[in-house]
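Here are the chains, one letter per residue:
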Amino acid sequence: MRQYFKQMDNLGKPLKPAFKEMMTGNVAKIKEIMAEIDREVDRIKNFGVSTETLHQRGEMTVWERIEYLVDPGTFTPLHTIYDPDDEESGQTNVVDGLARINGKWCVLVGFNNKWIAGAWIAGQADNNLRVTDMAKILHLPLVWLVNCSGVKLPEQEKVYANRRGQGTCFFRHAELEQEGVPVIAGIYGTNPAGGGYQGISPTILLAHKKCNIAVGGGGIVSGMSPKGSFDVEGAETLIEATRHFKSVPPGSVAIHYNETGFFKAVYETETDVLDGIKEWMNYLPAYNPKFFRVAEPAEPKLSAADLESIIPVNTREVYSFDEMLARLTDNSEHMEFQPGFGPEMYCGLVKVDGFLMGVIGNRQGLIPKYPEYTNEYGAIGGKLYRQGLIKMNEFVTLCGRDRVPMIWFQDTSGIDVGDIAEKAELLGLGQALIYSIESTELPMMLVVVRKGTAAAHYVLGGPTANNNNAFTLGTPATEINVMHGETAAAASYARRLVKEKDAGRSLDGTIQKMNDLVKHYEEKSRPFYCAKKGLVDEVVRYEDIRKYMIAFANAVYQNPKSICPQHHMLLPRMIRSQIVKGLERPPKEKKQ
């Protein structure tokens, strides 16, 4: 199959200096947007107990543990500023992402020991479910750095129970293990109650000499009051019991290494625990990358630094999808699927770090003589039409058949609407695409380049496809909403405007409410908000997108559940042998 993969079709061309000069304002706006996110990342890293205090206690921060553990340059963080429930610390108290440890990829997650000793806090349960979902979808080992003091007790109602509460993670651990996905834990500090289950539920437990895991901590064991309330006598009893359990906490190494044998190994220093994880990663199954690569890895011929000039932050402006893709793929090459059909959508095969990947993305700009089912209006890139939906269904199905993982690039204003679109079956074809995605059981990642709007956000590999979508990236231009703010304002207040006008009353109050709604949409759709509330898993700079693509590609090909031999694949052969075109548009009816 070398004739298909070694050299694909060239994609893109260098940017002209005059064009770069014209886009300097866009580049400045991007830097401004990312600076806000960078400040929030720094704030979270410095919130809580100081690094110096942890060092005085003989502890490393979770970020220092990750830096020591991970192969240099391979950590791709996710959920960095995620805070869905507005926790007082502004984060979820775990740090996670894809990482390579001793040459093997994993999903890595560690408790932030700077805030309440790594406690369970509001929002963390959903973060942990995203992490375990990612390990399941990618069929990757899950590595925990456990340092968890259990529930933040004053806010237990936000953490403990519910269908997607914190305990769900332990069922996910069992599910992963039943699917052959190991969970490795390096355990530090005091881990009572929920922290104890964070420690016991993984597959391999590697302990620091001072750690413990227990069903209940000292405060729990000694804090039960038969009177139903506390008095001085009860307080004195609690003081004495607490002193005892502080010096001899339940579930220490003496119990869980010497007696129960739960701990596989015990280590003297913090870094020794991390070295132990590196050792155990050696024992896990992984294909040599050469087994799946279709070509040698290659950098794009065109620089990813150009992307800040190519992609306008202003979503009303257009850009070339092909030029964007050319800065992200090996050797700036591709093989496009059915280029003469469904022109609003790009579908094609590319190489990422030598691995074969399927790509789908929205093209932008006006599309002449299209869609084919009407001549009453023209097509605009970013919107979905009949041919594009059919093409994507075919491409997704073939990627599933050939076991080619997929990357989606989303910049969509929605699906064509109106009775003409309904007659063209767009409603059914959109759901058909969801069915096709669900049928593949393929790992997928999504980049919301700019707009993620209406049902198109769902059908274009959106995070709602959570049996397939491993993670979603945002960019400095990401904007996710059910519709544009102006459209929402018009839909919400059009009838009121009519009533006010007919009654002879001033329109000023309603107009103000409309403008307020537009501003609300802008605030609740921008990149910072999307990352904070989990509409995307991380907002990244354009030049970092390829780093995440490389991590994804290596992860999905490390130990896949199923394989299609390269010489059995249909997609590359179909692309090279078949030209597919759509129907001609109907002629305009002559006026009588």
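**Section: the pairing of strand β12 (residues 345-352)**
Inference 1: In terms of burial, β12 is largely enclosed, as 8 of its 8 residues are buried.
Inference 2: What you see with β12 is no split at all: Met345, Cys347, Leu349 and Lys351 on one side and Tyr346, Gly348, Val350 and Val352 on the other are buried throughout.
Inference 3: Examined bridge by bridge, strand β11 (residues 333-336) and β12 share 2 bridges and lie antiparallel to one another. Each bridged residue has a counterpart across the sheet, and for Met335 the counterpart in β12 is Leu349.
Inference 4: In this sheet, strand β13 (residues 355-362) lies alongside β12 in antiparallel orientation, the contact comprising 8 bridges. Bridge assignment links Cys347 to a residue of β13, and that residue is Ile360.
Inference 5: Following β12, the chain reverses through 2 residues before pairing antiparallel with β13; Asp353 in that reversal takes a positive phi of roughly 55°.

**Here's the deal with the pattern of salt bridges**
Should their charged atoms come close, side chains of opposite charge can pair.
Inference 1: On inspection of all chains with the given rule, the structure shows 38 salt bridges.
Inference 2: With a closest N to O distance of 3.8 Å, Glu175 and Arg172 form a salt bridge. Separated by 3 residues within a single helix, Glu175 and Arg172 lie in helix α7 (residues 168-178), roughly one turn from each other.
Inference 3: Here Glu175 falls in the partly exposed class, since its relative accessible area comes to 25%.
Inference 4: Between Asp411 and Arg450 there is a salt bridge, with its nearest N and O atoms 2.8 Å apart. With Asp411 in strand β17 (residues 406-412) and Arg450 in strand β19 (residues 444-453), this residue pair connects regions lying 39 residues apart in the sequence. Like Arg450, Asp411 is buried.

**Re the side chain of Ser525**
Inference 1: Residue position: Ser525 is located in the loop between α20 (508-523) and α21 (527-532).
Inference 2: Taking relative accessible area as the criterion, Ser525 reaches 2% and is therefore assigned buried.

**A short note on a positive patch on the surface**
Inference 1: Taken together, Arg495, Arg496, Lys499 and Lys513 make up a surface patch of like positive charges.
Inference 2: Here the positive patch gets 3 residues from one element, more than from any other, and that element is helix α19 (residues 485-502).
Inference 3: Relative to the helices and strands, Lys513 is located in helix α20.

**Observations concerning the pairing of strand β20 (residues 469-474)**
Inference 1: Of all the 6 residues making up β20, 6 are buried; the element is thus mostly covered by neighbouring parts of the structure.
Inference 2: Across 5 bridges, β19 lies against β20 in parallel orientation. Within the sheet, the bridge partner assigned to Val448 lies in β20 and is Gly474.
Inference 3: Since β19 and β20 lie parallel, the crossover through helix α18 (residues 454-459) that links them has a hand, and here it is right-handed.
Inference 4: Where β20 and strand β22 (residues 538-539) come together, 2 bridges link them in parallel fashion. When the sheet's bridge partners are listed, Gly474 is paired in β22 with Val539.

Calculation criteria
Residues numbered from 1 in each chain as written. Predicted model: local features only at pLDDT ≥ 70, side-chain atom pairs only at ≥ 80, totals over all residues. Heavy atoms only, no water. Buried < 20%, exposed > 50% of the residue type's maximum accessible area, 1.4 Å probe, protein only. Helix = DSSP H or I, 4+ residues; strand = E, 2+ residues; numbered from the N terminus. Pairing = 2+ DSSP bridges. Salt bridge = Lys/Arg side-chain N within 4 Å of Asp/Glu carboxyl O. Patch = residues over 30% accessible without salt bridge, like charges linked within 9 Å, V, L, I, M, F, W, Y side chains within 5 Å. Areas by Shrake-Rupley, 256 points an atom, 1.4 Å probe, with all protein chains shown as cover. Lys, Arg positive; Asp, Glu negative; His and termini not counted. Charge placed at Lys NZ, Arg CZ, Asp CG, Glu CD. Right-handed = clockwise from strand over helix to strand, strands pointing away.

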